[in-house]
Amino acid sequence: MWNHHHHHHHVGSNLHRMGSNLHHMGMHVVLLTSLLGVLLAQGVQQISVDDCCKDGQKHAGDKEDCATLPLISESPTCRTVQEQCCVAVLEDNMCTTGITLAKDQGACDSLFSNTCETKTTKMCCDCCLLGKTGQEQGLPCDHSLALGYQCGLVYRACCVDGAPDNHTTTTTTTTGKPELPIKDETPDNRDNSVLVDQCNGKCAHLCVSNETCACFKGYKLKPNGKTCEDINECLLGASNCRGGERCINTEGSFRCQREVSCGTGYELTDDNNCIDIDECETGIHNCGPEFQCQNTQGSFRCLPKVQCGGGFIQDALGKCIDINECVSQTGPCQRGQLCINTAGSYVCRKNSVNCGRGYHLNEEGTRCVDIDECKGPDQVCSGHGCVNRMGSYHCDCDSGYNFNSNSRLCEDINECRHYPGRLCAHKCDNTPGSYKCTCTTGFKLARDGRNCEDLNECESNPCSQECANVYGSYQCYCRRGYQLSDIDGVTCEDIDECALPTGGHICSHRCHNTPGNFHCSCPVSGYTLAPNGRSCQDVDECVTATHTCLENQSCFNVQGGFRCLSFDCPANYRRVSETLERSDPFRCIKSCQPNDVACILDETHSVSHTFISLPTFREFTRAEEIVFLRTTVPAYGTHRLGSYDVKFVILDGNVDNAFDIIKRVENGVYVGVVRQVKQLTGPLTTVLKLSMRNLTIQGDSGQNLINVHVYVSEFWF
């Protein structure tokens, strides 16, 4: 609160330092008015810096917020002076209150709230108590406690104020302002010029001895012992202002100003007198351009520039408005005369017979007779019954109408509005002279004309297939194989079963959509449709004798067809007629002629041919076992038993390495298993050439060759 003025740099660096220090000394109003007067006068000529300061002091006396004062000038300097003068008065008053409380009560406990309003008051109260306590304990009043500058001033003032009279001398200015104590050694009759010379010009005011300085009345010596600062008598509670007056500190003195407001239209002068404010001269009146301002005591008047002539009166805007003399209480015309107003005047004419409404003059023009409106050509009742009356008429309205005495017409009665919910079951529509009931969609009006009954919409066949009537509506539904349209809700659209997410699995091969249904088909040859109408079954041409194989060929059925194959045993081999399984239909074993050494040394003991048909798998996720090569070699045999192991190898025909062969034990003997390990897409034909070798104690005992004829169909079924 004490340092916020240090940030005002717009006045100048010198003024910044001086204004900041003088604020703590309670003197900033005087210095600001003297230093800023030139700056303010350069910006706005009509408002002086004194006016700005007085306005701030006035608002401070009214306990207003100094940060939100109404501006009296657009000058930034004036706004600063307003705020600083306001703050100075408020802070002086708050500090004076704190000092008075410390002197009267000797305690500051009542100032327990640390709000912005009581912070300054409590600080001055506490520091004054410290000064009184220091004096009572015999401590020097200029004790160098680090209390802060403002607190140090209050401390020293309250300490000195409580000291015995024989230690200090006190004088009073012409305004009744006590001066701060000056040490006894100050010679009252010493020539000031000599004192200054003895101090070699180091003292700002007085030199009382060699290297010892003193100050004029209303000032006190600063800690540096050379310069002087103003004593804020208002801050220290040392003024003699009376009740209802406010102490205002000045440079080296103080003055008392009356706190009572002078009232609207007056201002308080420096000598505590209330003088009238000339609103016309200061330009703060609100007279319009058509008026001239005239000052009065405490107020002002707006006089029109243009004077209106006779018969006119001037309004608030200065315009001249005609006076209607004919409407005055005392008519200007004599009895029997008619007053007619004119611009700025009036005329009187002889009064004629004026008949009221519903009457007219008779043919002689001597009296008023009734007008029979019912016989007139205007049809005043618009087709309703008309009853003439003296000076008026009445309409005898038909049912459903009411007579309006103001408009004198028959007006329709809105029965739906007068009797809501009581006339019709659903909706009521007003008609001229009556009403009618209607029903919402899905209902029809009953015979009584009021209630509604369900309408069977299905009788009008709104649906393309099936219709079900419901209360107030209807519902369309479709037969099997159709679905209701999302657009109109009444049309049945065919369901394309083949296009459904599961359509690809409805039929094994082809799906054909038909209205309300579908059917499946199979490839043209090699398959027939199963009884379920969806699956395709392979036709075994070899069994049905529908193949075209020759007599020397063997028929092998494959998925979707057949193959005609003929096998001949190579030289030195003969065919073994017995066939145990269809998967091994042809087998040749070695049969050497006597003394045929080459044949005997041939390591191949047998050559076999087998046939297998495979589909094109839809989803190939794991290895498929397709051929099993069974042996008679016992598993885990010893060397004494002859053959003790078997070795299986794929020699040729392994397309894309889609096959492998593994060895495992089944029923105590070794078995070779040929597996499909990769996806193959048909149609594709290959011959897997397999080798099966028996291992004996003498070594390799030869091999058996197995030719597996693999046919991969283009279909998955």
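All residue numbers here refer to positions counted from 1 along the written sequence of the relevant chain. At least 70 in pLDDT is required for a residue's local features to be given in this predicted model, at least 80 for side-chain atom pairs to be given and counted, and no such filter applies to totals for whole chains, interfaces and linings, which use all residues. With hydrogens and water stripped out, all remaining heavy atoms of the structure feed into the side-chain values.

For this particular structure, what's the right way to read the overall build of the protein chain?
Looking only at helices and strands, one finds 13 helices and 43 strands in the protein chain. The buried share of the protein chain, reckoned over its 717 residues, is 35%. The contact definition used throughout considers only heavy atoms, calling two residues in contact when any of these lie within 4.5 Å. The contacts in the protein chain between residues at least 6 apart in sequence include a share of 38% that link residues at least 24 apart. All accessible areas in this document rest on Shrake-Rupley with a 1.4 Å probe, and a residue is counted as covered only by the protein chains that are shown. Of the roughly 42800 Å² of accessible surface on the protein chain, 50% is carried by carbon and sulfur atoms. Only DSSP runs of H or I reaching four residues or more are called helices, and only runs of E reaching two or more are called strands; each is numbered from the N terminus. Throughout, exposure labels follow a simple rule: accessible area from a 1.4 Å probe, protein chains only, divided by the maximum for the residue type, with under 20% read as buried, over 50% as exposed, and the rest as partly exposed.

Help me understand the pairing of strand 20 (residues 409-412) in this model?
Strand residues, when the strand is regular, have side chains that alternate between the two faces of the sheet. Pairing geometry for strand 19 (residues 401-404) and strand 20, over 4 bridges, is antiparallel. Of the residues in strand 20, the one forming a bridge with Tyr-401 is Asp-412. Two strands form a pair only when DSSP identifies at least two bridges running between them. In textbook terms, the turn of a hairpin is the stretch between consecutive antiparallel strands, and for strand 19 and strand 20 this stretch comprises 4 residues, one of which, Arg-408, has a positive phi near 55 degrees.

When you look at the state of the cysteines in this model, what are you seeing that I'm missing?
In a disulfide, the sulfur atoms of two cysteines are held together by a covalent bond. Disulfide assignment relies on a single distance test, namely cysteine sulfur atoms paired within 2.5 Å. Considering all chains together, one arrives at 32 disulfides under this definition. A disulfide bridge connects Cys-127 with Cys-151, and the sulfur atoms are separated by 1.8 Å. One disulfide, between Cys-127 and Cys-151, carries an S-S torsion of -110 degrees and so falls in the left-handed class. Placement of the pair is Cys-127 in helix 6 (residues 116-136) and Cys-151 in helix 7 (residues 149-161), with a sequence separation of 24 residues. Neither Cys-127 nor Cys-151 differs from the other in exposure class; each is buried.

Teacher, can you tell me more about the sheet that holds strand 38 (residues 624-634) here?
Pairing between sheet strands relies on hydrogen bonds along the backbone, with the strands arranged either parallel or antiparallel. The strand order 38-41-40 describes an open sheet built from 3 strands, whose pairing is antiparallel. In this open sheet, the two edge strands, each paired with only one partner strand, are strand 38 and strand 40 (659-666). Geometrically, the sheet is characterised by an average inter-axis angle of 20 degrees between neighbouring strands, direction not taken into account. The pairing of strand 38 with strand 41 (residues 669-676) spans 7 bridges and is antiparallel. By the bridge assignment for strand 41, Pro-634 is matched with Val-669. A fitted line through C-alpha atoms represents every axis, and for helices the fit uses only the stretch in contact; the resulting angles, taken between N-to-C directions, go from 0 to 180 degrees.

Help me understand the pattern of salt bridges, please; the structure alone is not making it clear to me.
Should their charged atoms come close, side chains of opposite charge can pair. Salt bridges, as used here, are contacts in which a Lys or Arg side-chain nitrogen is within 4 Å of a carboxyl oxygen on Asp or Glu. Considering all chains together, one arrives at 10 salt bridges under this definition. A salt bridge links Asp-372 to Lys-375; its shortest N-O distance comes to 3.9 Å. The exposure class assigned to Lys-375 is exposed, which follows from its relative accessible area of 73%. Here Asp-645 and Lys-663 are joined by a salt bridge, their closest N and O atoms 2.9 Å apart.

Any chance you could explain the packing of helix 5 (residues 76-105) against helix 7 here in plain terms?
Viewed as axis vectors pointing N to C, helix 5 and helix 7 meet at an angle of 35 degrees, and their least axial separation amounts to 12 Å. Between helix 5 and helix 7 lies a crossing whose hand is right-handed. Contact with helix 5, carried on its side by Cys-95, Ile-99 and Lys-103, involves Gln-150, Val-154, Cys-158 and Asp-161 of helix 7 and no other residues of that element. Note on convention: near helix rotated counterclockwise from far helix by under a right angle means a left-handed crossing. Clockwise means right-handed.

Would you take a moment to explain the packing of helix 4 (residues 49-61) against helix 5 for this structure?
Helix-helix packing: each pair is described by the crossing angle between the helix axes and the interaxial distance. Two elements in contact, helix 4 and helix 5, have axes separated by 7 Å at closest approach and are oriented at 40 degrees. Viewed along their axes, helix 4 and helix 5 adopt a mutual orientation that is oblique. In this structure, helix 4 crosses over helix 5, and the sense of that crossing is right-handed. Mapping the contact onto sequence places Val-49, Cys-52, Cys-53, Asp-55, Gly-56, Gln-57 and Ala-60 in helix 4 and Cys-78, Val-81, Gln-82, Cys-85, Cys-86, Val-89 and Leu-90 in helix 5. Each residue belonging to the contact of helix 4 with helix 5 can be placed in one class, and the counts come to 10 nonpolar, 3 polar and 1 charged. For classification purposes, an angle smaller than 35 degrees is called roughly parallel, one larger than 145 roughly antiparallel, one from 65 to 115 roughly perpendicular, and anything else oblique. The residue classification treats Ala, Val, Leu, Ile, Met, Phe, Trp, Tyr, Cys and Pro as nonpolar and Asp, Glu, Lys and Arg as charged. All others, Gly included, are polar.

Can you walk me through the packing of aromatic side chains in this structure?
Aromatic pairs are defined between Phe, Tyr and Trp rings, using the six-membered ring for Trp, whenever the two ring centres lie within 6.5 Å; interplanar angles under 30 degrees are classed as stacked, those over 60 as edge-to-face, and all others as tilted. Under the defined criterion, the tally for this structure stands at 9 aromatic pairs. On the basis of an interplanar angle of 75 degrees and a centroid distance of 4.8 Å, the ring pair of Tyr-527 and Phe-717 is categorised as edge-to-face. Pair noted here: Tyr-527 is in strand 31 (residues 527-529) and Phe-717 is in the segment after strand 43 (699-712), with a separation of 190 residues, a long-range link. Looking at Phe-717, the relative accessible area reads 11%, which means it is buried. Ring geometry for Phe-556 against Phe-611: centres 5.1 Å apart, planes inclined by 25 degrees, an arrangement best described as stacked.

Even after reading the chapter, I still don't get helix 7, so can you show me in this structure?
Helical geometry: 3.6 residues make up each α-helical turn, so side chains three or four residues apart lie on a common side. Multiplying 1.5 Å by the residue count of a helix minus one yields the expected span of that helix. Taking 1.5 Å of rise per residue, 13 residues should cover 18 Å, and helix 7 covers 18 Å from first to last C-alpha, within 8% of that figure. In terms of burial, helix 7 is a largely internal element, 10 of the 13 residues being buried. Taken as a whole, helix 7 has its buried residues at Gln-150, Cys-151, Gly-152, Leu-153, Val-154, Tyr-155, Arg-156, Ala-157, Cys-158 and Cys-159.

Can you help me understand helix 5 in this one?
Between its first and last C-alpha, helix 5 extends 43 Å over 30 residues, near the 44 Å set by a 1.5 Å rise per residue. Any pair of N or O atoms that falls within 3.5 Å is considered a polar contact. Within protein, one atom must be able to donate a hydrogen and the other to accept it, and sequence-neighbouring residues count only if both atoms are side-chain atoms. For helix 5, the N-terminal capping position is held by Ser-75, with its side-chain oxygen 3.3 Å away from the main-chain nitrogen of Thr-77. Phi turns positive one or two residues past the end of helix 5, at Gly-106, with a value near 70 degrees.

Before we go on, may I ask you to explain the pairing of strand 40 in this structure?
Relative to strand 41, strand 40 runs antiparallel, the two sharing 8 bridges. Among the inter-strand pairings, Asp-660 is bridged to a residue of strand 41, identified as Arg-675. In textbook terms, the turn of a hairpin is the stretch between consecutive antiparallel strands, and for strand 40 and strand 41 this stretch comprises 2 residues, one of which, Asn-667, has a positive phi near 55 degrees.

So what exactly am I meant to see when it comes to the nonpolar core here?
Throughout this description, the term nonpolar core refers to a set of buried Ala, Val, Leu, Ile, Met, Phe, Trp, Tyr and Cys residues connected via side-chain atoms within 4.5 Å. Counting residues in hydrophobic clusters, the biggest one holds 24 residues, and the most contacted among them are Phe-659, Leu-688, Leu-690, Val-708 and Val-710. The set of elements that each furnish at least two residues to this core consists of strand 37 (604-614), strand 38, strand 39 (645-652), strand 40, strand 41, strand 42 (684-696) and strand 43. By size, the runner-up hydrophobic cluster in this structure holds 18 residues, among which are Ala-102, Cys-127, Cys-158 and Leu-235.

Would you mind showing me how to read a nonpolar patch on the surface here?
Grouping into patches uses exposed residues only, defined as over 30% relative accessible area, and leaves out salt-bridged ones; the cut-off is 9 Å for like charges and 5 Å for nonpolar side chains (Val, Leu, Ile, Met, Phe, Trp, Tyr). Taken together, Ile-313, Ile-321 and Ile-323 make up a surface patch of nonpolar side chains, about 250 Å² in accessible area. Along the polypeptide, Ile-321 turns up in strand 12 (residues 320-322).

Help me understand the environment of Cys-78, please; the structure alone is not making it clear to me.
Residue placement: Cys-78 occurs in helix 5. Considered as a pair, Cys-78 and Cys-53 are 25 residues apart in the sequence and their alpha carbons are 8.0 Å apart.

For this particular structure, what's the right way to read the environment of Ala-107?
Checked against the element boundaries, Ala-107 lands in the loop between helix 5 and helix 6. Sequence separation of Ala-107 and Cys-125 is 18 residues, and the distance between their C-alpha atoms is 7.9 Å. Leave out the neighbours within four places in its chain, and Ala-107 touches Leu-101, Ala-102, Cys-125 and Leu-129.

Explain the environment of Lys-119 to me, please; I cannot follow it from the model alone.
Relative to the helices and strands, Lys-119 resides in helix 6. Expressed as a C-alpha distance, the spacing of Lys-119 and Cys-95, which sit 24 residues apart in the sequence, is 9.4 Å.

What should I look at first to understand the side chain of Asn-557 in this one?
The residue Asn-557 is located in strand 33 (residues 554-558) in this model. Here the side chain of Asn-557 touches Asp-538 through a polar contact of 2.8 Å, side chain to side chain. Setting aside its immediate chain neighbours within four residues, Asn-557 contacts Asp-538, Val-539, Asp-540, Glu-541, Cys-542, Phe-562, Phe-611 and Ser-613.

Looking at this structure, how should I read the confidence of the model for the protein chain?
Per residue, pLDDT captures the predictor's confidence, and it can take any value from 0 to 100. Chain-level statistics for the protein chain give a pLDDT mean of 79 and a share of 82% at 70 or above. With pLDDT under 50 throughout, residues 1-45 is counted as low confidence; its partners more than four residues away or in other chains account for 81 contacts. Note on residues 579-583: pLDDT under 50 across the span, and 5 contacts to partners over four residues away in sequence or across chains.

I tried to follow the side chain of Gln-703 on my own but got confused; where do I start?
When you line up the elements, Gln-703 lands in strand 43. Gln-703 gets classed as buried once you look at its relative accessible area, which sits at 8%. A polar side-chain atom of Gln-703 sits 3.4 Å from a polar atom in the side chain of Thr-604. With residues near it in sequence (within four places) discarded, Gln-703 still touches Glu-603, Thr-604, His-605, Ser-606, Ser-691, Met-692 and Arg-693.

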